[in-house]
Amino acid sequence: MAGKRTYKGIDQLSTRDKVVVALMVVVPTVLVTWLIWLPAIGSVLLSFTNWDGIGPLSSIKSVGLKNYQDIATIYPPFWPAIQHNLIWLAVLFLIATPLGMLFAVLVDRGVAGTRFYQTSIYLPVVLSVALIGFIWQLIYSRDQGLLNAVTGGTTDWYGDPSVNLWAALVAASWRHAGYIMLLYLAGLKGVDPSLREAAKIDGASETTTFFRVVFPVMRPINIIVLVVTFIESLRAFDLVWVINKGRNGLELISTLVTENVVGEASRIGFGSALATIMLAISSVLVIVYLRIAMKED
């Protein structure tokens, strides 16, 4: 029959095709196992030891839950780091994400200069975090910064522990809003125009149409944005490390892990316990997302 398509079964593939298919399955599986699962499992196992990274693996001694007990009781930076990560999540979720969604709606409406605004807002996403830190250093510098020059103040925005977290959050939100804009812009392009037209015929305003019709339709995008925002708040590291290595009011879980694993102390077991806590927290929302996604499929 003309135009009829035929598909080969796996038994009908040539030897070369079977080799290619096998490589396409085996190579990614090996890479994911080697680069992700083995380090993750290794970190969990090391979290129950006191290994300092020096000497053979045979010198590793198990200490049970001692690292976790020490983190919760006699490690001063831990609870401030938890608090800072929660603040980071709140700011990204309540300010940066809605701002990115607003940018997406405005760009989607086709305002004059749409391409320029879209590129300008998304530009921070493609810049390296080190460069973003440098750009904001030019703004926040106590002696030569733009902000103090305009306001006439002398605040050390990166050095004062009472304000440096909020200064870093402004820089992080600047970058995060552009990424969220891109996600929502892709979602808005996929919304059926007939839904908006029907709402308009019923007399709904643009605001009502968006929150009652368009926003619920973008449920998959909303879930992705929620997961991305949650993970971004936990993995926040680069910016604060560039500023002051996550000290003096900028403690985060990720910086504590790095400081203990590759810092001067080199406490591999202790740092692995911190990494395991971070992994456990980040896994919660990922599991929820996967359950929702699989249920929808």
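Residues numbered from 1 in each chain as written. Predicted model: local features only at pLDDT ≥ 70, side-chain atom pairs only at ≥ 80, totals over all residues. Heavy atoms only, no water.

Undergrad: Hey, could you run me through the packing of aromatic side chains in this one?
TA: The geometry of an aromatic ring pair comes down to the distance between the two centres and the angle between the two planes. Within the structure shown, the criterion is met by twelve aromatic pairs. Summarising the aromatic geometry, the rings of Phe48 and Tyr68 are spaced 5.7 Å apart at their centres and angled 50° between planes, so their arrangement reads as tilted. With Phe48 in the loop between helix 1 (15-46) and helix 2 (66-73) and Tyr68 in helix 2, the pair connects residues that are 20 residues apart, well separated along the chain. Taken together, a centroid distance of 6.1 Å and an interplanar angle of 50° make the contact between Phe210 and Phe215 tilted. On the basis of relative accessible area, Phe215 is assigned to the partly exposed category, the value being 26%. The structure contains a cluster of three or more aromatic residues connected by ring pairs, namely Trp136, Tyr140, Trp157, Tyr158 and Trp174. (Phe/Tyr/Trp six-rings, centres within 6.5 Å; stacked < 30°, edge-to-face > 60°. Helix = DSSP H or I, 4+ residues; strand = E, 2+ residues; numbered from the N terminus. Buried < 20%, exposed > 50% of the residue type's maximum accessible area, 1.4 Å probe, protein only.)

Undergrad: Explain the layout of surface pockets here, please?
TA: Regions of empty space are outlined by a rolling probe, equal in size to a water molecule, passed over the atoms. In this structure, the largest pocket encloses a volume near 540 Å³. Lining the largest pocket are 19 residues, and of these Val105, Arg109, Arg196, Glu206 and Phe210 lie nearest its centre. Listed by contribution, the elements that provide at least two residues to the lining of the largest pocket are helix 3 (78-108), helix 8 (193-201) and helix 9 (206-217). Per-element accounting of the lining of the largest pocket gives the leading share, six residues, to helix 9. Of the residues contributing to the lining of the largest pocket, the split by class is ten nonpolar, three polar and six charged. (1 Å grid on protein atoms, 1.4 Å probe; cavity = no way out; pocket = protein on both sides within 12 Å on 5 of 7 lines; lining within 4 Å. Points joined across faces, edges and corners; volume = space filled by probe spheres on them. Nonpolar A, V, L, I, M, F, W, Y, C, P; charged D, E, K, R; others polar.)

Undergrad: What is the right way to read unusual backbone geometry from this model?
TA: Of note, the phi angle at Lys245 is positive, near 60°, even though the residue is not glycine. Looking at where Lys245 falls in the secondary structure, it is placed in the loop between helix 11 (238-244) and helix 12 (253-261). Since its relative accessible area comes to 39%, Lys245 is described here as partly exposed. Located in the positive-phi region is Asn248, a residue other than glycine, with phi close to 55°.

Undergrad: Sorry if this is basic, but what is going on with the nonpolar core here?
TA: Generally speaking, nonpolar side chains in soluble globular proteins are found buried as a group. Core analysis: the largest hydrophobic core is formed by 23 residues, its most contacted members being Trp88, Ala168 and Leu239. Contributing elements (two or more residues each) for this core: helix 3, helix 5 (129-140), helix 7 (164-189) and helix 11. Ranked by residues supplied to this core, first place goes to helix 7 with six residues. Each residue touching Trp88, except ones within four places of it in the same chain, is listed here: Leu165, Ala168, Leu169, Ala172, Glu232, Ser233, Ala236, Val240 and Leu252. The next biggest cluster of nonpolar side chains, apart from the first, holds 19 residues, and it includes Tyr68, Ile71, Val227 and Ala273. (Core = buried A, V, L, I, M, F, W, Y, C linked by side-chain atoms within 4.5 Å. Contact = heavy atoms within 4.5 Å.)

Undergrad: I tried to follow the environment of Asn222 on my own but got confused; where do I start?
TA: Within the secondary structure layout, Asn222 lies in helix 10 (residues 219-235). Sequence-wise, Asn222 and Val240 are 18 residues apart; in three dimensions their C-alpha atoms are separated by 27 Å.

Undergrad: Help me understand helix 9, please; the structure alone is not making it clear to me.
TA: Each full turn of the α-helix corresponds to 3.6 residues, which orients residues three or four apart in the same direction. The end-to-end C-alpha distance of helix 9 is 15 Å, a good match for the 16 Å that twelve residues give at a rise of 1.5 Å each. When we look at burial in helix 9, the residues that qualify are Thr209, Phe210 and Val214. Seen end-on, helix 9 carries its buried residues on one side only, within an arc spanning 95°. On its buried side, helix 9 packs onto helix 3, helix 7 and helix 8. (Expected span 1.5 Å × (residues − 1). Arc of directions from axis to C-beta.)

Undergrad: Sorry if this is basic, but what is going on with the packing of helix 7 against helix 10 here?
TA: Two packed helices can be described by the angle between their axes and the distance between those axes. Where helix 7 meets helix 10, the closest approach of the two axes is 10 Å, and the angle between their N-to-C directions is 165°. Looking at the two axes, helix 7 sits roughly antiparallel to helix 10. Crossing angle aside, the handedness with which helix 7 passes helix 10 is right-handed. Contacts between helix 7 and helix 10 pair His176, Tyr179, Ile180, Leu183, Tyr184 and Gly187 from the former with Ile221, Asn222, Ile224, Val225, Val228, Thr229 and Glu232 from the latter. Across the contact of helix 7 with helix 10, the residue classes break down as eight nonpolar, four polar and one charged. (Axes fitted to C-alpha atoms, helices over the stretch in contact; angles between N-to-C directions. Parallel < 35°, antiparallel > 145°, perpendicular 65-115°, else oblique. Left-handed = near helix turned anticlockwise from the far one by under 90°.)

Undergrad: When you look at the side chain of Ser282 in this model, what are you seeing that I'm missing?
TA: Note on placement: Ser282 falls in helix 13 (residues 268-296). Within the structure, Ser282 has its side chain in polar contact with the backbone oxygen of Leu279 (distance 3.0 Å). If we skip the residues at most four places from it in the chain, Ser282 touches Phe230 and Leu234. (Polar contact = N/O pair within 3.5 Å; in protein donor to acceptor, adjacent residues only side chain to side chain.)

Undergrad: What exactly am I supposed to notice about the confidence of the model for the chain here?
TA: A low pLDDT score tells you not to read the predicted coordinates there in detail. For the chain, per-residue confidence averages 85 on the pLDDT scale, and residues scoring 70 or more make up 94% of the total. Summarising per-element confidence for the chain, the mean pLDDT is lowest in helix 13 (81) and highest in helix 2 (93). (pLDDT = per-residue confidence, 0-100.)

Undergrad: Explain the packing of helix 8 against helix 9 here, please?
TA: Put simply, helix 8 and helix 9 touch, their axes get as near as 10 Å, and they point 160° apart. When the axis of helix 8 is compared with that of helix 9, the two are roughly antiparallel. The two elements helix 8 and helix 9 meet at a crossing, and its hand is right-handed. Contacts between helix 8 and helix 9 involve Leu195, Arg196 and Ala199 from the first element and Thr209, Val213, Val214 and Val217 from the second. Residues that form the contact of helix 8 with helix 9 fall into these classes: five nonpolar, one polar and one charged.

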